[in-house]
Amino acid sequence: MPLRVVMLGDIVGSPGRLAVMQQIPVIRQRWKPDLILANGENAAAGSGLTPEQYHKLRAAGLDGITLGDHVYKRDQIVPVLETEQQIIRPANLPTLAKGRSWMRLTPASTPGSAPTPLPNLYVLTVLGRIFSSLPADDPFAAVDRILPELPERDPIVLVEVHAETTSEKQALGWYLDGRVAAVVGTHTHVPTADAKILPHGTGYITDLGMSGPYESVLGRRIDRVLTHMTTAMHAPFDVADGDPRVCGVYLEIDPASRRTTHIERIELKADPHARPFVA
Ligand SMILES: [Fe+2]
Ligand SMILES: [Fe+2]
């Protein structure tokens, strides 16, 4: 039995949160994942994640939540980062940065499931350095440092690379091919069409795409972004609301080889006229 994992891209604002909540049952039915994860760095009006949103998304069915460069935009999340086991900050931040740099997710055993329990999944996120807004360390060295620290021999590992450039994401994919189960990109909010398995068995995609409103500029209102870009005037980049979608990948990971045997993109259009968008 493979370990079946769904990882969703950056949840943007309330359209993203509601779309994820609405589509989790669809994902469960269609892909039957053992674990569902998402990046939640833009959940709070486009920037950061509040404790309440963390708990609501977990209750809706997310087994783990990652964060990116917006990790500390809502500083009330810090106690959650320090106490909860299923949320991580980027691993290559300064040593004193609050929060854990990797998490272990254990699939729930279901009645009638295989006699051999499914393995744990270890997850870590690294920030890219090119055009990074935070003082991030070398992401390649950060993964090299953390992999031997994980408390399991030959663990199954998913590495999220939260970076601005496609080159840095691809480079990390090649660097880790054959050493981790999957490398998935986030942060640029535009899904890429390159989901594949690298030669040594690492599942890879340059960007999962955001889970949020696609009638937008990277999740923000088109009129505001155009005003700013065409006039240089300040225009608050509020979160848009049109065409909410949920994007990510579905992975099947072989517990014996700890490599990906199947990867496919997920892109689901949410219905903004149905629950939980409307009561
Ligand atoms: Fe993001
Ligand atoms: Fe980001």
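Attention here is on the structure that accompanies the text. Quick caveat: nothing in here was measured; it's all calculated off a predicted structure.

1. Some details on the coordination of the iron ion (ligand 2)
And step 1. Bound to the iron ion (ligand 2) on the protein side are Glu41 (OE), Asp69 (OD), His162 (NE2) and His187 (ND1), at distances that span 2.0 to 2.2 Å.
And step 2. Metal-centred angles of 85 to 142° between the four donor atoms at the iron ion (ligand 2) mark the site as irregular.
And step 3. Between the two metal centres, the iron ion (ligand 2) and the iron ion (ligand 1), the spacing is 3.4 Å, with glutamate 41 acting as a shared donor. Of this pair, histidine 162 sits in strand β7 (residues 156–162) while histidine 187 sits in the loop between β8 (182–186) and β9 (196–197), and the two are 25 residues apart along the sequence.
And step 4. A relative accessible area of 19% places histidine 187 in the buried class.

2. Regarding the sheet that holds strand β5 (residues 103–105)
And step 1. With mixed pairing, the six strands of this open sheet are ordered in space as β5-β6-β7-β8-β10-β9. Lying at the two open borders of the sheet, with one neighbouring strand each, are β5 and β9.
And step 2. Contacting β6 (121–127) and β7, helix α4 (residues 139–146) crosses the sheet at an angle of about 155° to β6.
And step 3. Contacts from helix α5 (residues 166–176) reach β6, β7, β8 and β10 (203–205) within the one sheet, and its direction differs from that of β8 by about 170°.

3. Focus on the coordination of the iron ion (ligand 1)
And step 1. Here the iron ion (ligand 1) is held by Asp10 (OD), Glu41 (OE), Asn42 (OD1) and His189 (NE2), and the distances to it run 2.0 to 2.2 Å.
And step 2. The motif formed by the donor residues of the iron ion (ligand 1), counted along the single chain, is D-x30-E-N-x146-H.
And step 3. Of the residues examined, aspartate 10 reaches a relative accessible area of 0% and is grouped as buried.
And step 4. Judged by relative accessible area, glutamate 41 falls into the buried class, the value being 1%.

Reading guide: rules and limits
- Residues numbered from 1 in each chain as written.
- Chains lettered and ligands numbered in written order.
- Predicted model: local features only at pLDDT ≥ 70, side-chain atom pairs only at ≥ 80, totals over all residues.
- Heavy atoms only, no water.
- Donors = N, O, S within 2.8 Å, 3.2 Å for Na, K, Ca; no water.
- Tetrahedral: all angles 85-135°; square planar, octahedral: opposite > 155°, others 65-115°.
- Helix = DSSP H or I, 4+ residues; strand = E, 2+ residues; numbered from the N terminus.
- Buried < 20%, exposed > 50% of the residue type's maximum accessible area, 1.4 Å probe, protein only.
- Pairing = 2+ DSSP bridges.
- Contact = heavy atoms within 4.5 Å.
- Axes fitted to C-alpha atoms, helices over the stretch in contact; angles between N-to-C directions.

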